[in-house]
Amino acid sequence: MCAFERLVPEHVRRFEAYTPSRPDHELMRMYRVDHLHRLNNNENPLGPPPEAARIVRGFPPERVPIYPNGDAWDLRRILAGRFGLAPEQFVVGNGSCELISSVIKAFCTTGDSIVTADKTFAVYEWVAEFSGVEARLIPLRDFGFDGEGMLAARDARTKILFVCNPNNPTGTWWDTATLTRFLDRVNGEQIVVLDEAYAEYVDRHDFPHGIGLLDRYPNLVIFRTFSKMYALAGLRIGYLCGTQEVVDIIRRTHVVYSVNALAQQAAAAALHDDAAFIRQTREMVREGKGLLRELCDDLGLDMQCGEGNYVMIRVPEADTLIYRKLMARGIMIRTMTGFRFPGWIRVSVVQTPVMEEFRHALRAVVGGRR
Ligand SMILES: *Cc1c(COP(=O)(O)O)cnc(C)c1O
């Protein structure tokens, strides 16, 4: 018990810090491998798009001592033009993780609650809990978000409902009809955050365009990120948009100057003429999923494959053990025990040669058992 424990609020005392994975050089030393393929964070190995890559390469050192624009003025104008909204309807954050924090701070106080799924992006739950806000976690139904369950879990102190569409890690998604039915039932009583971190990967005519629903549902807040499709994860930049009224509230609890200058400029460039890049990335993911499907059929393993650049595979041993065995072969996947899916791994879908290497490694690791 440390001397400062008495200063710590109960909800912080209870909270266990998350330990991120070690840097590659350290992992390669630990597992005695000379290369490491990271299939654990759903990064896009092709990126960033050419124009953004050019900005990153050419960023002048003279700009480094200068503070960035405090609220991403230029980028918000570019986003506004693209989506047909006003620049004031956007908040740009240090990754969408920072925006999760800003939204929860804006609407919740100690004793309030948020509602989301039990097996989804964990940051909603984490930020709520270390802020003294209860996270009500509704079990997935058939791997997807259970709208009815979420509606039933609300009470007078529920402020925000988080829906991840498509869901990380299961890849399930709500179509437009399902989403609008849910929003009709919420009836403006809570803020609904629609996390579209993987929306650019989805090529389905009935996948909802959240931003297009803001007119009808002023309590809706859309999250997007440059970390996934646009391959700028290392620069940490994402954005939210909503109605003017809601965004004005969120802006109060959002730290200005949190987004660095290079990230702002690279993100703006990434949006420029991105269609070919998105097509190429989707093609890579389609091909990679095919290879993983073949592998799982062959090995008799269950695979949960939906939208997004990742799939889940049920493994015949502890996921943590499979992790170590794959690491010894230079491949890093995500264990799913932490997502409440023990016995599953999540694998990011990347270029064919690396998928082939993964197939070879997984066969060697579990193949002998079948
Ligand atoms: C990766 C991811 C994010 C993005 O986080 P950043 O902070 O923008 O890098 C947000 N939501 C989900 C569901 C994700 O998988």
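This structure is a prediction, so every number in the text was calculated from the model and none was measured. (Residues numbered from 1 in each chain as written. Predicted model: local features only at pLDDT ≥ 70, side-chain atom pairs only at ≥ 80, totals over all residues. Heavy atoms only, no water.)

(A) Representation of the sheet that holds strand β13 (residues 344-348) in the model. Spatial strand order, β9-β10-β13-β12: four strands in an open sheet with antiparallel pairing. Of all strands in the sheet, those with a lone pairing partner are β9 (303-304) and β12 (334-335), marking the two edges. Of the strand pairs in this sheet, β12 and β13 are connected by two bridges, and their pairing is antiparallel. The partner of Arg334 across the bridge, within β13, is Arg346. (Pairing = 2+ DSSP bridges. Helix = DSSP H or I, 4+ residues; strand = E, 2+ residues; numbered from the N terminus.)

(B) Inspection of the nonpolar core at higher detail. By size, the foremost hydrophobic cluster in this structure holds 123 residues, and its most contacted members are Leu75, Ile160, Phe358 and Leu362. Counting contributing residues per domain, this core is built from domain 1 (3-47 + 275-366) and domain 2 (50-270), each supplying no fewer than three. Sequence-distant contacts of Ile160, defined by excluding residues within four places in its chain, comprise Val103, Ile104, Phe107, Cys108, Ser113, Ile114, Val115, Gln190, Ile191 and Val193. (Core = buried A, V, L, I, M, F, W, Y, C linked by side-chain atoms within 4.5 Å. Buried < 20%, exposed > 50% of the residue type's maximum accessible area, 1.4 Å probe, protein only. Domains from an automatic or database assignment. Contact = heavy atoms within 4.5 Å.)

(C) The pairing of β13, seen in detail. Counting buried residues in β13 gives five out of five residues, a clear majority hidden from the surface. Neither face of β13 is open: one carries Trp344, Arg346 and Ser348, the other Ile345 and Val347, and all of them are buried. Where strand β10 (residues 310-314) lies against β13, five bridges are found, and the strand directions are antiparallel. Paired with Ile313 across the two strands is Ile345, which belongs to β13.

(D) Up close: the UniProt feature "domain: Aminotransferase class I/classII large" (unreviewed entry) in the protein chain. Under the UniProt annotation, "domain: Aminotransferase class I/classII large" (unreviewed entry) lies at residues 38-361. Split by type, residues 38-361 is 37% helix and 17% strand. Its first and last C-alpha atoms lie 14 Å apart. (UniProt positions renumbered as here; feature names shortened; annotations may be inferred.)

(E) Examining the sheet that holds strand β2 (residues 90-93) more closely. Pairing in this open sheet of seven strands is mixed, and the strands run β2-β8-β7-β6-β5-β3-β4 from one edge to the other. Because the sheet does not close on itself, it has two edges, and the strands there are β2 and β4 (134-138). Ignoring which end each strand starts from, the neighbouring axes of this sheet average 20 degrees apart. Alignment of strand β3 (residues 113-117) against β4, held across five bridges, turns out to be parallel. The residue of β4 that forms the bridge with Ile114 is Ala135. Set on the sheet, helix α4 (residues 73-83) makes contact with β2, β7 (220-225) and β8 (238-242); between it and β2 the angle comes to about 130 degrees. Lying on the sheet, helix α8 (residues 176-186) is in contact with β5 (158-164), β6 (191-195) and β7; it crosses β6 at an angle near 160 degrees. (Axes fitted to C-alpha atoms, helices over the stretch in contact; angles between N-to-C directions.)

(F) Highlighting helix α6 (residues 123-130). All of the buried residues in α6 are Val123, Tyr124, Glu125, Val127 and Ala128. In the core, the buried residues of α6 are packed alongside α5 (95-107), β3, β4, β5 and β6. Downstream of α6 by a residue or two, Gly132 has a phi angle that is positive, lying close to 80 degrees.

(G) Representation of the domain arrangement of the protein chain in the model. What the domain assignment lists for the protein chain is domain 1 (3-47 + 275-366) and domain 2 (50-270). For domain 1 versus domain 2, the separation of C-alpha centres amounts to 23 Å. Every contact between the two is made by 26 residues of domain 1 and, on the other side, 30 residues of domain 2. Here domain 1 and domain 2 share an interface that buries about 2,600 Å² over both sides, 64% of which is from carbon and sulfur atoms. Looking only at domain 1, the three residues that lose the most surface to domain 2 are Arg282, Glu307 and Arg340, adding up to 25% of its buried area. Joining domain 1 to domain 2, the criterion identifies three salt bridges. With a closest N to O distance of 3.8 Å, Arg282 and Asp203 form a salt bridge. Summed over the shared surface of domain 1 and domain 2, the number is twelve residue pairs in polar contact (both at pLDDT 80 or more). (Buried area = accessible area lost by both parts, 1.4 Å probe. Salt bridge = Lys/Arg side-chain N within 4 Å of Asp/Glu carboxyl O. Polar contact = N/O pair within 3.5 Å; in protein donor to acceptor, adjacent residues only side chain to side chain.)

(H) Spatial organisation of the pairing of β8. Of all the five residues making up β8, five are buried; the element is thus mostly covered by neighbouring parts of the structure. Every second residue of β8 is oriented toward a common face, with Gly238, Leu240 and Gly242 on one face and Tyr239 and Cys241 on the other, all of them buried. Here five bridges tie β7 to β8, and the two strands are oriented antiparallel to one another. Bridge pairing in β8 places Thr225 opposite Gly238.

(I) Quick peek at unusual backbone geometry. The omega torsion of the bond from Gly47 to Pro48 falls at -5 degrees, within 30 degrees of zero and hence cis. By the element assignment, Pro48 lies in the loop between β1 (37-38) and α3 (50-57). Here the amide bond leading from Asn168 into Pro169 is cis, since omega sits at 20 degrees, within 30 degrees of zero. As for its placement among the helices and strands, Pro169 is situated in the loop between β5 and α8. Backbone geometry at Arg32 places phi at a positive 50 degrees, although glycine is not the residue there.

(J) Geometry of the packing of aromatic side chains. According to the stated counting rule, one finds 19 aromatic pairs in the structure shown. With centroids separated by 5.9 Å and ring planes inclined at 55 degrees, the aromatic side chains of Trp173 and Phe207 adopt a geometry described as tilted. With Trp173 in the loop between β5 and α8 and Phe207 in the loop between β6 and β7, this pair connects stretches of sequence that are 34 residues apart. Residue Trp173 is classed as partly exposed on the basis of its relative accessible area, which comes to 23%. Ring plane angle 50 degrees and centroid distance 5.5 Å describe the contact between Phe226 and Tyr230, whose orientation is recorded as tilted. An identical accessibility class is assigned to Phe226 and Tyr230; each is buried. Ring pairing ties together the aromatic residues Phe83, Phe90, Phe226, Tyr230 and Tyr239, which thus form one cluster. Stacked on the ring of Trp73, the Lys or Arg Arg77 has its end atom at 3.4 Å from the ring centre. Cation over ring: Lys119 sits above Phe341, and NZ or CZ is 5.1 Å from the ring centre. (Phe/Tyr/Trp six-rings, centres within 6.5 Å; stacked < 30°, edge-to-face > 60°. Lys NZ or Arg CZ within 6 Å of the ring centre and 35° of its normal.)

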